[in-house]
Amino acid sequence: MAEESWGRVADDGTVFVRTKDGERAVGQWPDANPEEALAFYTRRYDALAFEVDLLEKRVQAGTVSPDDARAAVKKVTGAIDEAQAVGDLDGLRARLDALTPLVAQQREKKKAERAAKVEEARDAKTKIATEAETIAAGTDWRHGVTRLRELLDEWKALPRLDKSSDDELWHRFSSARTTYTRHRKQHFAELSSKRDEAAVVKERLAAEAESLSSSTDWGPTSGRFRDLMRQWKAAGPAPREVDDKLWARFRSAQDAFFGARDAEQAQENEEQVANLAAKESLLVEIEAILPVNDAKAARDQLRDLLDRWDAIGKVPRDSMRTIDGRLRAVEQAVKSAEDEVWNRSNPEARARAEATVKQLQSLITDLEKQAAKHEAQGNTRKATEAREAIAARREWLTQAQNALTDFS
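Residues numbered from 1 in each chain as written. Predicted model: local features only at pLDDT ≥ 70, side-chain atom pairs only at ≥ 80, totals over all residues. Heavy atoms only, no water.

A. Looking closely at the overall build of the protein. When helices and strands are counted, the protein shows 11 helices and four strands. Its C-alpha atoms give the protein a radius of gyration of 63 Å, clearly above 22 Å, the size a compact globule of 408 residues would have. The buried share among the 408 residues of the protein stands at 30%. Here the analysis covers contacts within the protein between residues at least 6 apart in sequence; of these, 66% occur between residues at least 24 apart. Split by element, the accessible area of the protein, about 25,800 Å² in all, is 51% carbon and sulfur. Averaging the locations of the 68 positively and 75 negatively charged side chains of the protein gives two centres separated by 6 Å. (Helix = DSSP H or I, 4+ residues; strand = E, 2+ residues; numbered from the N terminus. Rg over C-alpha atoms; globule rule 2.2 N^0.38 Å. Buried < 20%, exposed > 50% of the residue type's maximum accessible area, 1.4 Å probe, protein only. Contact = heavy atoms within 4.5 Å. Areas by Shrake-Rupley, 256 points an atom, 1.4 Å probe, with all protein chains shown as cover. Lys, Arg positive; Asp, Glu negative; His and termini not counted. Charge placed at Lys NZ, Arg CZ, Asp CG, Glu CD.)

B. Spotlight on the packing of helix α5 (residues 163-212) against helix α7 (residues 240-287). Taken N-terminus to C-terminus, the directions of α5 and α7 make an angle of 20 degrees; their axes are 8 Å apart at the nearest point. By the angle between their axes, α5 is roughly parallel relative to α7. Our pair here, α5 against α7, has a crossing hand that is left-handed. Residues Ala-199, Lys-202, Glu-203, Leu-205, Ala-206, Ala-207, Ala-209, Glu-210 and Leu-212 of α5 touch α7, and the partners they reach there are Val-242, Asp-243, Leu-246, Arg-249, Phe-250, Ala-253 and Phe-257. In terms of residue class, the contact of α5 with α7 is built from 11 nonpolar, no polar and five charged. (Axes fitted to C-alpha atoms, helices over the stretch in contact; angles between N-to-C directions. Parallel < 35°, antiparallel > 145°, perpendicular 65-115°, else oblique. Left-handed = near helix turned anticlockwise from the far one by under 90°. Nonpolar A, V, L, I, M, F, W, Y, C, P; charged D, E, K, R; others polar.)

C. Just a negative patch on the surface, in detail. On the surface, Glu-264, Glu-268, Glu-270 and Glu-271 cluster together into a negatively charged patch. Here Glu-268 shows up in helix α7. (Patch = residues over 30% accessible without salt bridge, like charges linked within 9 Å, V, L, I, M, F, W, Y side chains within 5 Å. Salt bridge = Lys/Arg side-chain N within 4 Å of Asp/Glu carboxyl O.)

D. Seen up close, the packing of α7 against helix α8 (residues 295-312). In contact at an axis separation of 10 Å, α7 and α8 are set at 175 degrees when each is read in the N-to-C sense. Between α7 and α8, the interaxial angle falls into the category roughly antiparallel. Along the contact surface, α7 presents Asn-275, Ala-278, Lys-279, Leu-282, Leu-283, Glu-285 and Ile-286, while α8 presents Leu-302, Leu-305, Arg-308, Trp-309 and Ile-312. Here the contact of α7 with α8 is composed, by residue class, of eight nonpolar, one polar and three charged.

E. Just the packing of aromatic side chains, in detail. Inspection of the entire model under this criterion finds 13 aromatic pairs. Ring centres of Trp-170 and Phe-173 lie 5.7 Å apart, and the angle between their planes is 70 degrees; on these two criteria the pair is classed as edge-to-face. Of the two residues, Trp-170 and Phe-173 are both situated in helix α5; the distance of three residues between them amounts to about one turn of the helix. Consider the rings of Trp-232 and Trp-247, whose centres lie 5.5 Å apart with planes at 55 degrees: the pair is tilted. Of the two residues, Trp-232 sits in helix α6 (residues 218-235) while Trp-247 sits in helix α7, which places them 15 residues apart along the sequence. (Phe/Tyr/Trp six-rings, centres within 6.5 Å; stacked < 30°, edge-to-face > 60°.)

Encoded structure:
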């Protein structure tokens, strides 16, 4: 019989392993050398020991999940309990038993980590739902859709919560996305309708602009183009391709009109500059009429000069007030001279002046009689009053006679 500390081979070739519960037959090797039999079953033990070593390292390193570790411990423990091997099976079992609390500890740690991740996921999903609801309540149609797509990707990357919580938050998120999508579609549908309406309006404006492009009625047509531009801006955008084509038509018509107007105005400006020089030269002759000594001759001379003035034509607007002011001054001087002549020759005014002289002479005569009468009566006070009245009337008479002399 061959034996070692962990097992033995009986004479009949039966191989036993020693455990704390006693010996247990693990196999039979009747025709082999007992030492070879023990070596064979020892190698089986070495294989189990290697498996235990590997499991210990994986559990201690945390490279295997607690659930998988527990299953592996259970599996290897069962293999040891039924192992047909010779070695310290109790020692291997003890090492596996020692892993159980470590696995339990790792399991609790994993559980806590999962709980923390679930809470993080809950917070993250709540923020996602809240942000989606904020976007749904706004009108950021350009960036909102992109952000909602990003939020959906973030949601998918998060772990699930308990069914009730996950469903509630998903309902909020999904409802916000649906609301935003519906409002966005409605907005762009309305925008498309408005753009179609704008296209109709701008087609009409472009057509009218083209009809006005050859007009030479510069003032009113310029005003109408300004009205058309205000209407164009108020119409809003049409579909991009249509809008660009209509604007090209409108702008081309506008440029054609204002180009022609500016060209003519440039020519007119050249003519008006020449006219200004001519009128300034003519003003020298007109102002030579002053001072007016003969109103009729001055009027005749001014009339001829004004005919020449009108024939010259327009001058630049910024020079108009200056030269017109100089002309008006001469015209006013001639008119004042004519008024003075008229006043001196006016029959009605002469008659009024003669009547005034006669009236004052008659009044003075009457007052002299009254003064003489009062003096004869010895009424000094009334006589004095009469003489004072006579003196005042004589001054008036002198003024009236001078005025009458002006009519001669």
